[in-house]
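Topology and contacts: notes
Take a look at the letters that make up each chain.
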Amino acid sequence: MDVFSGYYKKSVDERIKLLKEFAGLTSDEVSVLEKTGSLSPDIADRMIENVVGSVHLPLGICTNFKINGKEYAVPMAVEEPSIIAAASNAAKLSLPEGFTADADEPIMMGQVQITNVKNPETALSVLRKHKKEILDYSKEFAKGMEKYGGGVKDFEARILETIRGKMIICEFYIDVRDAMGANTINTVLEKTAPFIKEIIGGTTRLRILTNLAVKRKAVAKAVWKKDKIGEEAIEGILDGYAFADADIYRCATHNKGIMNGIDAVALATGNDWRAVEAGAHAYAAMNGYSPLTKYSLNKNGDLEGLIELPLSVGTVGGAINTLPTAKIALKILKVKTARELSMVMACAGLANSFAALKALSTEGIQKGHMRLHARNIAVIAGAKKPEEIDFVSKKLAEESNYSVDFAKKILKEMKK
Ligand code: MEV
C-alpha cells in the first residue's frame, strides 16, 4: 500500500497521521494512540482484580500484507524488536500475489465431564437417545447467537478411560460467530449439565470449553519466488523446516517463531493469547509434536509455505469491548468478521516463520535483531536526546558491537 511506503522511516507522529487517514480514526482515537497510558485505572479496575496499574507494550503496524487480494495494515503489540520488520519484509517478498487464506466457520467445542456413572455403557446409549432433547435444552442458553446464524449446533457423548475409571464426556459444538466464545460456551455447559445429570445421574464435574478448537482452523499459503529470494534462501528454509520436522527441540522454537506474529496480533486486538497458544501447541502435538508451518518446492521451483492451526479469536466481546486500543487495532485492520481476523493472524504467523527461517539459515538473526535493538542499548547506556540515540545506535551497528559499555563509550565521546 502506497500509504505505508517508507513507514519505518517516519516519526511516530507522522505514522499516526497517516494511520488516521488510512483507517478513518477520530481525534479521540488518535489521542488514545498518542497517550501511551491509554488504559485508565477505572477501565483496568473493571477488567481484573486488585488493579494497581497497567503494563504497556509498543503497538506497531506490519505493512505489505495482501491476503486474498485485499491489502491490510496489521497491528502487532509486542516487546521484541524485529518481529514487525521481519513480517513486513516477508509479506513484501510474497507480493504481488501475497497470501491466500481461508478459515472454518467459528465452531467451538465445550466439554462436560460426568463421573461416578453406574453403568457408563448404558448411560451413553441413553444420552444418545436423548440427543435432540439435550440439544434443544442447551440451545436456549445461546439464543442470542442464533439471530446471527450461530448457536448450539451439535452434541455428542463418549466414554473416556482415565486413571480414575470410566467417565462420560459430553461435547457441545457451538457456533460463536464473531466472539471468541468462551463465556457463551461455558454458560451453555453449566446450564445444561444439570439436565444431563437428571438423565444419567452421576457427578457433574468440569464444564469448560476446549482450546483445541479443531473445528475453527485457519489456513494460509504464500509462494516466495526463487527469482525474488534466491535459491540459496529456498534451500536454507527447506533445510530449516526439515530440521524442525525431525527434531522436537528445534520444532518448539520453529513454532515459537510462528507465534511471534500470531500472539502479537492477538494482543493488539484484545484477544486471549493464552487460549491461542494452548490451541496452537495442542494442535501441533496431535500426531507427535510437529511444525505448524510447512515448506516445499512447487512445480516452478519456488518456495511454497503453508500454515494451519486452530484460532479461536473474536472481533466482539470480552476485553475487545473494553480495551480502547483493541477497538482501534480492529478498525485499522478493517476485518469484518472473526474468521477474517483469524486468516490475517495465520498469515502473520506464516510471514514470521518464513522470515525467521530465511534469516536463521543465511546471515543469522543477530545482525538484524541487534541493529534494531541498538536503539534500546543506546538508551540503556544513557542516551536521551533523539540525536544521541541515533548517533550511538548507528555507531553500534557500524562496529557490530552491541555492548552497553561500548555504547557508553560512544556517548561519552559524543558529549565531549
Ligand atoms: C525469536 O523470537 C524467534 C526465532 O527463534 C524463531 C525460530 O527460531 O524459527 C528466531
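The preceding data block contains the structure.
These remarks concern the structure in this document. (Residues numbered from 1 in each chain as written. Predicted model: local features only at pLDDT ≥ 70, side-chain atom pairs only at ≥ 80, totals over all residues. Heavy atoms only, no water.)

**Focus: the site of the ligand**
We count it as follows: Any residue with at least one heavy atom within 4 Å of a molecule or strand is counted as near it. What qualifies as a polar contact is a pair of N or O atoms within 3.5 Å, subject to a donor-acceptor requirement within protein and to the restriction that residues adjacent in sequence count only when both atoms come from side chains. Per-residue and other accessible areas follow the Shrake-Rupley method at a 1.4 Å probe size, with only the shown protein chains counted as cover for residues. Counting from the N terminus, the helices are DSSP H or I runs at least four residues long and the strands are E runs at least two residues long. For this scheme, ten residues count as nonpolar: Ala, Val, Leu, Ile, Met, Phe, Trp, Tyr, Cys and Pro. Four count as charged, namely Asp, Glu, Lys and Arg, and the remainder, Gly too, count as polar.
Glu80, Arg250, Thr253, His254, Lys256, Gly257, Asn260, Ala356, Leu360 and Ile365 make up every residue found near the ligand. Taking lysine 256, its side chain carries an N or O atom lying 2.6 Å from an oxygen atom of the ligand. About the coverage of the ligand: the protein hides 86% of its 300 Å² of free accessible area. Mapped by element, the contributors of at least two residues to the shell around the ligand are α11 (248–268) and α14 (338–361). No other element matches the six residues that α11 contributes to the shell around the ligand. Broken down by class, the residue content of the shell around the ligand amounts to three nonpolar, four polar and three charged.

**Observations regarding the pattern of salt bridges**
Defined as follows: Salt bridges are identified by distance alone: a Lys or Arg side-chain nitrogen within 4 Å of an Asp or Glu carboxyl oxygen. The buried label goes to any residue with under 20% of its type's maximum accessible area, the exposed label to any with over 50%, and the partly exposed label to all in between, with areas taken from a 1.4 Å probe on protein chains only.
Overall, the coordinates contain 18 salt bridges when judged by the stated rule. For lysine 143, the salt bridge identified is with glutamate 146, shortest N-O distance 3.1 Å. Of this pair, lysine 143 and glutamate 146 both sit in helix α7 (residues 143–146), three residues apart, roughly one helical turn. Exposure remark for lysine 143: the relative accessible area of 41% places this residue in the partly exposed category. Assessed through its relative accessible area of 31%, glutamate 146 is described here as partly exposed.

**Some thoughts on the nonpolar core**
Applicable threshold: The definition of a nonpolar core used throughout is a set of buried Ala, Val, Leu, Ile, Met, Phe, Trp, Tyr and Cys residues joined through side-chain atoms within 4.5 Å. Residues count as neighbours in contact if any of their non-hydrogen atoms are within 4.5 Å of one another.
Counting residues in hydrophobic clusters, the biggest one holds 58 residues, and the most contacted among them are Phe65, Phe99, Trp224, Tyr295 and Leu309. Examining the composition of this core, we find that 12 residues originate from one element, α14, more than from any other. Excluding residues within four positions of it along the chain, leucine 309 makes contact with Arg216, Lys217, Ala218, Met259, Ile262, Ala280, Tyr283, Leu292 and Ala346. Met108, Ala123, Leu124 and Ile134 belong to the second largest nonpolar core, which has 31 residues in total.

**Description of the packing of aromatic side chains**
Put simply, the test is: Two rings from Phe, Tyr or Trp (for Trp, the six-membered ring) form a pair when their centres sit within 6.5 Å of each other. Planes less than 30 degrees apart are called stacked, planes more than 60 degrees apart edge-to-face, and all others tilted. For a Lys NZ or an Arg CZ to count as sitting over a ring, it must be within 6 Å of the ring centre and within 35 degrees of the ring normal.
For the structure shown, the criterion picks out nine aromatic pairs. Ring plane angle 70° and centroid distance 5.0 Å describe the contact between phenylalanine 4 and phenylalanine 22, whose orientation is recorded as edge-to-face. Here phenylalanine 4, found in the segment before α1 (12–23), pairs with phenylalanine 22, found in helix α1; they are 18 residues apart in sequence, far enough to count as distant. By the burial criterion, phenylalanine 4 is buried, and phenylalanine 22 matches it. Through a chain of ring-to-ring contacts, three or more aromatic side chains come together here, namely Phe65, Phe99, Trp224 and Phe354. If you follow arginine 274 out to its NZ or CZ, it ends over the ring of tryptophan 273, 5.0 Å from the centre.

**Re α14**
Here is the rule: Helices are assigned an expected span. That span is 1.5 Å times one less than the residue count.
Taking 1.5 Å of rise per residue, the 24 residues of α14 would be expected to cover 34 Å, and the 34 Å separating its terminal C-alpha atoms lies within 8% of that figure. Along α14, 19 of the 24 residues are buried, which leaves the element largely enclosed by surrounding structure.

**Some remarks on the pairing of strand β6 (residues 165–175)**
Where we set the bar: Strands were regarded as paired on the criterion that DSSP finds at least two bridges between them.
Burial of β6 is extensive: nine of the 11 residues sit out of reach of the surface. Two strands pair when backbone bridges link them, and strand β4 (residues 107–115) and β6 are joined in this way by eight bridges, in the antiparallel orientation. Counterpart to glutamine 111 in the pairing with β6 is glutamate 171. The sheet contact formed by strand β5 (residues 151–162) and β6 spans 11 bridges and is antiparallel. The residue of β6 that forms the bridge with aspartate 154 is tyrosine 173. With antiparallel pairing between neighbouring strands as the criterion, β5 and β6 make up a hairpin whose turn holds two residues.

**Quick notes on the side chain of aspartate 175**
Relative to the helices and strands, aspartate 175 resides in strand β6. Looking at aspartate 175, the relative accessible area reads 3%, which means it is buried. Of note is the side chain of aspartate 175, whose polar atom sits 2.9 Å from the side chain of arginine 177. Aspartate 175 has contacts with Pro106, Ile107, Met145, Gly149, Gly150, Gly151 and Lys153, leaving out every residue within four places of it along the chain.

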